[in-house]
Amino acid sequence: MVRLTRIYTRTGDAGRTRLGDMSDTTKTDLRVAAYGDVNEANAHLGHAIVAGDLDQDVVDLLGVVQNELFDVGADFATPVVPDPEFPPLRVLVEYVERLEGWCDQYNEALPTLSSFILPGGTHGSALLQIATTTVRRAERSAWLAYEEHGDSMNVLAITYLNRLSDLLFILARHANSEAGDVLWKPGGERSSRS
């Protein structure tokens, strides 16, 4: 369990920070950017939970996801090394499989898409679309970090973000089930007034 007795430490004032294994790095390290983007995505999920008027089963599912996103951040923050003295928290294949199961469950009842969809419809759907785009950015940040740090990062944590963006897109559509998706109308299909 984590125990925080003081929030400010002054250790980051020189643009440095420590990773989960206590190794020193810059605040501009791409791993730090990746887990920062994960943290932002988690904040957007919190907003969707409290303000989105989502179904209780979706709220419960997102609560699990919020905890797992902390695991993803911890994974990114702790370099993979052979035979660590203390085995760190790692995202496992079960995390990804759980997301895939939810994707299948919620997508089954949705109509087939005939166009791309626009963010909107219900408040909950719009908030989930914001979270979707933030998770996709976190995934891109993580791949950039992986290009630099390679095998010292757990690829499953990045895969988790990919599946999570799919799930959030599906849940955004689910939140619009009654009103229907807001479909993109390409330029030639829009009237001159719209």
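The preceding data block contains the structure.
First, a word on what this report is: a plain description of the structure on this page.

Conventions used here
- Residues numbered from 1 in each chain as written.
- Predicted model: local features only at pLDDT ≥ 70, side-chain atom pairs only at ≥ 80, totals over all residues.
- Heavy atoms only, no water.
- Salt bridge = Lys/Arg side-chain N within 4 Å of Asp/Glu carboxyl O.
- Helix = DSSP H or I, 4+ residues; strand = E, 2+ residues; numbered from the N terminus.
- Buried < 20%, exposed > 50% of the residue type's maximum accessible area, 1.4 Å probe, protein only.
- Core = buried A, V, L, I, M, F, W, Y, C linked by side-chain atoms within 4.5 Å.
- Contact = heavy atoms within 4.5 Å.
- Polar contact = N/O pair within 3.5 Å; in protein donor to acceptor, adjacent residues only side chain to side chain.
- Phe/Tyr/Trp six-rings, centres within 6.5 Å; stacked < 30°, edge-to-face > 60°.
- Axes fitted to C-alpha atoms, helices over the stretch in contact; angles between N-to-C directions.
- Parallel < 35°, antiparallel > 145°, perpendicular 65-115°, else oblique.
- Left-handed = near helix turned anticlockwise from the far one by under 90°.
- Nonpolar A, V, L, I, M, F, W, Y, C, P; charged D, E, K, R; others polar.

A word on the pattern of salt bridges. Per the counting criterion, the structure on display carries six salt bridges. Of the charged contacts in the structure, one is a salt bridge between Glu-68 and Arg-98, with a shortest N-O distance of 2.4 Å. With Glu-68 in helix α2 (residues 56–77) and Arg-98 in helix α3 (residues 93–107), this residue pair connects regions lying 30 residues apart in the sequence. Between Arg-163 and Glu-100 there is a salt bridge, and its shortest N-O distance comes to 2.8 Å. Taken together, the positions of Arg-163 in helix α5 (residues 155–175) and Glu-100 in helix α3 put the pair 63 residues apart, joining distant regions of the chain. Among the residues examined, Arg-163 registers a relative accessible area of 24% and is labelled partly exposed.

On to the nonpolar core. Soluble, globular proteins show a tendency: their nonpolar side chains are buried together. Counting 43 residues, the largest nonpolar core has Phe-76, Tyr-160 and Leu-161 as its most contacted members. Among the secondary structure elements, those contributing two or more residues to this core are α1 (30–51), α2, α3, α4 (123–149) and α5. Per-element tally for this core: the top contributor is α5, with ten residues. If sequence neighbours within four positions are ignored, Tyr-160 has contacts with Val-65, Glu-68, Leu-69, Val-72, Val-91, Tyr-95, Val-96 and Leu-99.

We now examine the side chain of Ser-141. Position of Ser-141 relative to the elements: it lies in helix α4. In this structure the side chain of Ser-141 is engaged in a polar contact, spanning 2.4 Å, whose partner is the side chain of Asp-37. Ignoring any residue separated from it by four or fewer positions in sequence, one finds Ser-141 in contact with Leu-30, Ala-33, Ala-34 and Asp-37.

Assessed through its relative accessible area of 29%, Glu-100 is described here as partly exposed. For the pair Glu-100 and Leu-164, spaced 64 residues apart in sequence, the C-alpha to C-alpha distance is 8.5 Å. At 2.8 Å, the side chain of Glu-100 and the side chain of Arg-163 are in polar contact.

Attention now moves to the packing of aromatic side chains. Applying the stated criterion across every chain yields a total of three aromatic pairs. Residues Tyr-95 and Tyr-160 carry aromatic rings whose centres are separated by 6.2 Å and whose planes lie at 75° to one another, so their mutual orientation is edge-to-face. Placement of the pair is Tyr-95 in helix α3 and Tyr-160 in helix α5, with a sequence separation of 65 residues. Tyr-160 carries the same exposure label as Tyr-95, and that label is buried.

Phi is positive for Asp-53, close to 50°, though the residue is something other than glycine. With respect to the helices and strands, the residue Asp-53 is situated in the loop between α1 and α2. For Asp-53, a relative accessible area of 76% gives the class exposed.

A word on the packing of α3 against α5. It is at 9 Å that the axes of α3 and α5 come closest, and there the two elements cross at 20°. Considered as vectors, α3 and α5 are oriented roughly parallel to each other. Relative to α5, α3 is oriented so that their crossing is left-handed. Touching Val-93, Tyr-95, Val-96, Leu-99, Glu-100, Trp-102, Cys-103, Tyr-106 and Asn-107 of α3 are Leu-156, Thr-159, Tyr-160, Arg-163, Leu-164, Asp-166, Leu-167, Ile-170, Leu-171, Arg-173 and His-174, all from α5. In terms of residue class, the contact of α3 with α5 is built from 13 nonpolar, three polar and four charged.

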